Amino acid sequence: MASLTRRNTLRLPVSTRVLIRPRNRGELVAALEALQHSGIPRVILGGGSNLFFAQPHFGGAVVDTSLMTAVVVREESIVADAGVPMPRLVRAAARQGLGGFEYLVSVPGTVGGGIFTNAGRGRRLGLNLSDWVESVDVYTPGGLQTLTRAECEFGFRWSVFQRQTAWVILGARLRALPAAPAEVDQRIRIRMDWVRRRQHRDKPNAGSVFKAGYRIDNRALRAGGAGFSNRTRNWIVNLGGATSSDVLKLLSACRQAHLARGLPAPTLEWQVV
Ligand SMILES: Cc1cc2nc3c(=O)[nH]c(=O)nc-3n(C[C@H](O)[C@H](O)[C@H](O)COP(=O)(O)OP(=O)(O)OC[C@H]3O[C@@H](n4cnc5c(N)ncnc54)[C@H](O)[C@@H]3O)c2cc1C
């Protein structure tokens, strides 16, 4: 049994029967093939910043990609393994005079998780990781494939990987724009200043909880150690000692509060295990 408490950004005390931590694409493929033959259920974990473990213990295998951090920048092209943290991707590109996607510097996830969720800014702004993706290398039970951007079927917070749950992102090729490192640094600073002013980052959280459609004042809702942030309205924060069960109660209270006002229950932004 292995703890996942440090591997989910809400810091919920959860564990898994098996934890596998491949260091490169070859080790990831070998682990996935072994799991496919064994029939043990598995979950792919990136930064754990959009994944909610609804039970305190997962009886299968968690494949954690966070040690797969190879990133190669050549001319305007960036090849990154699935586990590269988004801030590292932005900074590696900046060092080589490339930019354009600095707004992703504040996303505490990985390239794999970012492609899965098509991470980006709000719907209105239309700034998404998919704008920069050229191709994605994927493990499928039938063999390895390289998908074009069109084949990834990107939409707002959507990619084909949310439908094809047996597919695993090994890494991706992105194309960035030439930019002076000082200019990129400045844009990173502006983004992080905005984040520090506007987001409730001093308590563990997992970013936005619900998709659009969230319509009540939730600030008074609380369950055990979990509560809604009074600063970033659509975030649940771990106020101290929160458990999966606390978070489930809070989600349920929020849905009930919507229904009680005759409003449709909001849908979850998080992926649930
Ligand atoms: C403080 C904070 C701020 C945030 N800000 C933003 C923001 O500005 N914009 C935004 O879009 N999101 C934001 N998020 C949400 C989150 O960071 C993103 O959704 C991020 O892309 C998730 O990446 P991850 O690596 O943490 O994925 P995880 O949470 O580890 O996983 C998410 C899903 O992706 C799947 N997955 C992960 N890696 C792979 C892979 N290699 N192959 C196949 N499937 C995979 C997992 O199985 C899971 O279903 C924020 C979260 C926090 C905590």
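This text follows the structure it describes.
A brief report on the enclosed structure follows. Please read these numbers as outputs of a predicted model, since none were measured by experiment.

Cut-offs and rules
- Residues numbered from 1 in each chain as written.
- Predicted model: local features only at pLDDT ≥ 70, side-chain atom pairs only at ≥ 80, totals over all residues.
- Helix = DSSP H or I, 4+ residues; strand = E, 2+ residues; numbered from the N terminus.
- Rg over C-alpha atoms; globule rule 2.2 N^0.38 Å.
- Contact = placed C-beta atoms within 7 Å.
- Near = placed C-beta within 6 Å.
- Nonpolar A, V, L, I, M, F, W, Y, C, P; charged D, E, K, R; others polar.
- Expected span 1.5 Å × (residues − 1).
- Pairing = 2+ DSSP bridges.
- Buried ≥ 20, exposed ≤ 12 C-beta atoms within 10 Å, placed from the backbone.
- Axes fitted to C-alpha atoms, helices over the stretch in contact; angles between N-to-C directions.

1. Topic: the overall build of the protein
- A count of helical and extended segments in the protein gives five helices and 17 strands.
- Taking 2.2 N^0.38 as the reference for a compact globule, 273 residues should give roughly 19 Å; the C-alpha atoms of the protein span a radius of gyration of 19 Å, in line with that estimate.
- In terms of overall dimensions, the protein has a C-alpha envelope of 55 × 50 × 30 Å along the principal axes.
- In the protein, the proportion of contacts linking residues at least 24 apart, taken out of those at least 6 apart, comes to 65%.

2. Side note on the site of the ligand
- Lining the immediate environment of the ligand, one finds 32 residues, of which Gly 46, Gly 109, Gly 112, Gly 113 and Gly 207 sit closest.
- When residues of the shell around the ligand are traced back to their parent elements, those giving at least two are strand E3 (42–45), helix H3 (111–117), strand E11 (168–175) and strand E13 (205–208).
- Counting residues per element, the shell around the ligand draws most heavily on H3, which supplies five residues.
- Tallied by class, residues from the shell around the ligand come to 13 nonpolar, 18 polar and one charged.

3. Considering helix H5 (residues 244–260)
- Over its 17 residues, H5 runs 24 Å from end to end, which matches the ideal 24 Å to within 8%, given 1.5 Å per residue.
- Buried positions along H5 lie against strand E4 (51–52), strand E14 (222–223), strand E15 (226–228) and strand E16 (235–238).
- Of the residues flanking the end of H5, it is Gly 262, one or two places downstream, whose phi is positive at about 75 degrees.

4. Here we look at the sheet that holds strand E5 (residues 57–64)
- Strand order in the open sheet made by the four strands is E1-E2-E5-E3, with mixed pairing throughout. Two strands in the sheet have a free side with no partner beyond their single neighbour: strand E1 (2–3) and E3.
- Of the strand pairs in this sheet, strand E2 (residues 15–20) and E5 are connected by five bridges, and their pairing is parallel. Residue pairing for E5: Val 18 is matched across the bridge by Ala 61.

5. Remarks on helix H4 (residues 181–198)
- The end-to-end C-alpha distance of H4, which contains 18 residues, comes to 26 Å, matching closely the 26 Å that a straight helix rising 1.5 Å per residue would cover.
- The buried fraction of H4 amounts to one of the 18 residues, a small share that puts the element mostly on the outside.

6. A short note on the sheet that holds strand E7 (residues 77–81)
- Pairing within the open sheet is antiparallel, and its five strands lie in the order E6-E7-E11-E9-E10. The sheet terminates laterally at strand E6 (71–74) and strand E10 (143–148), the two strands that pair on one side only. The mean inter-strand angle of the sheet, taken between neighbouring strand axes irrespective of direction, is 15 degrees.
- With four bridges joining them, E6 and E7 adopt antiparallel strand pairing. Residue pairing across strands places Val 73 opposite Ile 78, the latter belonging to E7.
- In the packing of helix H2 (residues 86–95) onto the sheet, the strands contacted are E6 and E7, and the crossing angle to E6 comes to about 30 degrees.

7. So, unusual backbone geometry
- Positive phi, close to 60 degrees, is recorded for Arg 11, a residue that is not glycine.
- Mapped onto the fold, Arg 11 is located in the loop between E1 and E2.
- On the neighbour-count criterion, Arg 11 (20 C-beta atoms within 10 Å) is buried.
- Phi is positive for Arg 157, which is not a glycine, with a value near 50 degrees.
- Here Arg 157 shows up in the loop between E10 and E11.

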